[in-house]
Amino acid sequence: MENIKLNIEKTLDFISKENLASYESKVRACMETLEKGTGLGNDFLGWLHLPSSISKEHLADLKATAQVLRENCEVVVVAGIGGSYLGARAVIEAMSDSFAWLKEKKEGNPTIVFAGHNIGEDYLYELTSFLKDKKFGIINISKSGTTTETALAFRLLKKQCEDQRGKEMARKVIVAVTDAKKGAARVTADKEGYKSFIIPDNVGGRFSVLTPVGLLPIAVAGIDIDQLVSGAADMEKVCANENLMENPAALYAATRNELYKNGKKIEILVNYQPKLHYFMEWWKQLYGESEGKDNKGIYPSSVDFSTDLHSMGQWIQEGERTIFETVVSVATPNHELHVPSDEENLDGLNFLAGKRVDEVNKMAELGTQLAHVDGGVPNLHVSVPKLNEYYLGQLIYFFEKACGISGYLLEVNPFNQPGVEAYKKNMFALLNKPGYEEASKAIQARLKK
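Residues numbered from 1 in each chain as written. Predicted model: local features only at pLDDT ≥ 70, side-chain atom pairs only at ≥ 80, totals over all residues. Heavy atoms only, no water.

Asks: A description of the packing of aromatic side chains should follow, citing residues and the corresponding values.
Replies: In the structure shown here, the tally under the stated rule is 18 aromatic pairs. With a centroid separation of 6.1 Å and 40° between ring planes, the pair formed by W47 and F415 is classed as tilted. Taken as a pair, W47 in the loop between α2 (23-36) and α3 (50-53) and F415 in the loop between α15 (389-409) and α16 (421-430) lie far apart in primary sequence, 368 residues in all. Given the relative accessible area of 1%, W47 is considered buried. Each ring, one from Y85 and one from F114, has its centre 5.8 Å from the other, and the planes form 55°; the classification is tilted. A residue pair is termed long-range when its members are at least 10 positions apart, and Y85 in the loop between β2 (75-79) and α5 (86-95) and F114 in strand β3 (residues 111-115) qualify at 29 residues. Accessibility expressed as a relative area gives 9% for Y85, which makes it buried. (Phe/Tyr/Trp six-rings, centres within 6.5 Å; stacked < 30°, edge-to-face > 60°. Helix = DSSP H or I, 4+ residues; strand = E, 2+ residues; numbered from the N terminus. Buried < 20%, exposed > 50% of the residue type's maximum accessible area, 1.4 Å probe, protein only.)

Rendered as structure tokens:
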């Protein structure tokens, strides 16, 4: 099997090869810090060798549980927020028919929908209305069981599932993915007798896609989790190489940090495959939460090309030169479609007649890369041989390993997220949650000014 490949040639007019080569020893030290667990956040390194440690028995248990949901549900709601749903959604969207939701569903192939990732009343009303005549199940993903967005959604969905399907069936089609011993979600799972899977203590949410957090919903969607894990395990080996130029994760981490030192403060992740939209969202959380702290960090952004060339293209081409792009390019599409000839040729596209649509897409990609580099935007290029489970697994691990290395190069803790709690404190105070009385008084005083 091939591996995904990283090409940094289009950055070398902006950063020197000599400076990049100087990262060899720094990267090796960061990798050693990860391996020995001697750095900041070392309690959250369970993802590092996770792919190679997943047993066949564990995968079989996940697939068996997924099959119960597939056989008993028309719809499965995945309740989670941030890392508790983005990884699963990224893989499911990438591997699903773009128009499956419009087609008649086959038995044993439930529709996957998501909840608990917002507090939109209209969204939750419309979701619960949609589910009224459906045989649905729930995968509740929460380590604590008290994250407001997810807990609120689960409270609504649990009651609806029990009311519609009865307590006994609800017990069969509600699955908890939570802490091994503590937290509200664990207490509920044990009390109600739900099948449950454990979120490892040493794996943070944004690194959890290869735990049951991601693997169970992905399996329910009918996607091959064995191949996903296999791809990640193979990339784990590739990314253990201590040679900077032969380790794509290390090279990516070094290149983006050198660009950052040279004033490139924003990284735009680019795809030309619409199915990768939610993969970009997963990547944004991975790097945003890992590096955005201590007043440091590259700002992670993303675009779907060529769509966003008609909205963001102007800014990228001629805006402030504080950006660089990382393009994720799928070499070979899964389907083949040729441009037909048209006798009248009113649209002037007969010069494309007989060509594959993907050839047009690839020339749009190449033309854009040349234009952006000429316009002062360094470009990294990640080539993915094919959009399938194996290569998605590779891509996931590549970005995870690079994130760990990059965070240590930046000298931050890549595995915490202290800033995430600030809004929660204010929200709870404004809602008069017990225990937040003093914070509530302080906020009310601020609002009166």
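Asks: Which residues make up the sheet that holds strand β6 (residues 195-198), and what values go with them?
Replies: The sheet built from five strands is open, its strands ordered β3-β2-β4-β5-β6 with parallel pairing. The sheet is open, and its two edges are formed by β3 and β6, each paired on a single side. The mean angle between the axes of side-by-side strands here comes to 20°, regardless of whether they run parallel or antiparallel. Bridging between β2 and strand β4 (residues 136-141) involves five bridges; their strand directions are parallel. Its bridge partner being in β4, V77 is matched across the sheet by I138. The sheet contacts of helix α6 (residues 121-130) involve β2 and β3, and relative to β3 the element is tilted by about 150°. Helix α7 (residues 148-173) contacts β2, β3, β4 and β5 (174-178) of the sheet and is inclined by roughly 135° relative to β4. (Pairing = 2+ DSSP bridges. Axes fitted to C-alpha atoms, helices over the stretch in contact; angles between N-to-C directions. Contact = heavy atoms within 4.5 Å.)

Asks: Give me the pairing of strand β9 (residues 323-332): which residues, what numbers.
Replies: Of all 10 residues that make up β9, eight are buried, and the element is covered over most of its length. Bridging between strand β7 (residues 266-271) and β9 involves six bridges; their strand directions are parallel. When the bridges of β9 are listed, L269 appears paired with T326. Pairing analysis gives seven bridges linking β9 to strand β10 (residues 379-386), with the strands arranged parallel. When the sheet's bridge partners are listed, E325 is paired in β10 with N379.

Asks: Which residues make up the sheet that holds strand β8 (residues 299-304), and what are the values?
Replies: In space, the five strands of this open sheet follow the order β1-β10-β9-β7-β8, with mixed pairing throughout. Looking at which strands have only one partner, the edges of the open sheet turn out to be β1 (5-7) and β8. Across the sheet, the mean angle from the axis of one strand to that of its neighbour is 20°, orientation sign disregarded. Examined bridge by bridge, β7 and β8 share six bridges and lie parallel to one another.

Asks: Would you mind going over α16 in detail, with residue names and values included?
Replies: Among the residues of α16, K424, M427, F428 and A429 are the ones counted as buried. Those residues of α16 that are buried lie in contact with α7 and α17 (437-448). Just downstream of α16, N432 is the residue with a positive phi angle, here 60°.

Asks: So what's going on with the pairing of β4? Residues and values would help.
Replies: Along β4, six of the six residues are buried, which leaves the element largely enclosed by surrounding structure. The side-chain alternation of β4 yields two buried faces, one formed by F136, I138 and N140 and the other by G137, I139 and I141. Here four bridges tie β4 to β5, and the two strands are oriented parallel to one another. Bridge pairing in β5 links I139 to V175. Tracing the backbone out of β4, into α7 and back to the parallel element β5 gives a crossover that is right-handed. (Right-handed = clockwise from strand over helix to strand, strands pointing away.)

Asks: Explain the side chain of K293 residue by residue, including any values.
Replies: Structurally, K293 is set in the loop between α12 (277-291) and β8. The buried charged residue K293 lacks any salt bridge, with E289 as its nearest oppositely charged partner at 7.4 Å. Polar contacts involving the side chain of K293 include one to the main-chain carbonyl oxygen of S290, which spans 3.2 Å. Among the polar contacts listed, one links the side chain of K293 to the backbone oxygen of N416, at a separation of 2.5 Å. For K293, the contacting residues outside a window of four places in its chain are R206, V412, N413, P414, F415, N416 and Q417. (Lys, Arg positive; Asp, Glu negative; His and termini not counted. Salt bridge = Lys/Arg side-chain N within 4 Å of Asp/Glu carboxyl O. Polar contact = N/O pair within 3.5 Å; in protein donor to acceptor, adjacent residues only side chain to side chain.)

Asks: Quick rundown of the state of the cysteines? Include the residues and the values.
Replies: Using the criterion set out here, one finds zero disulfides in the structure. Free of any disulfide, C30 has its nearest neighbouring cysteine sulfur in C403, separated by 12 Å. By relative accessible area, C30 is classed as buried at 8%. C403 provides the cysteine sulfur closest to C239, a residue in no disulfide bond, and the two sulfurs are 13 Å apart. (Disulfide = S-S within 2.5 Å.)

Asks: Residue-level account of the packing of helix α11 (residues 248-261) against α15, with values.
Replies: Where α11 meets α15, the axes come as close as 8 Å, and the angle between the chain directions of the two elements is 45°. As the angle between them shows, α11 and α15 are arranged oblique. Between α11 and α15 lies a crossing whose hand is right-handed. Contacts between α11 and α15 involve P248, A249, A250, Y252, A253, A254, R256 and N257 from the first element and F398, F399, K401, A402, I405, S406 and L409 from the second. Each residue belonging to the contact of α11 with α15 can be placed in one class, and the counts come to 11 nonpolar, two polar and two charged. (Parallel < 35°, antiparallel > 145°, perpendicular 65-115°, else oblique. Left-handed = near helix turned anticlockwise from the far one by under 90°. Nonpolar A, V, L, I, M, F, W, Y, C, P; charged D, E, K, R; others polar.)

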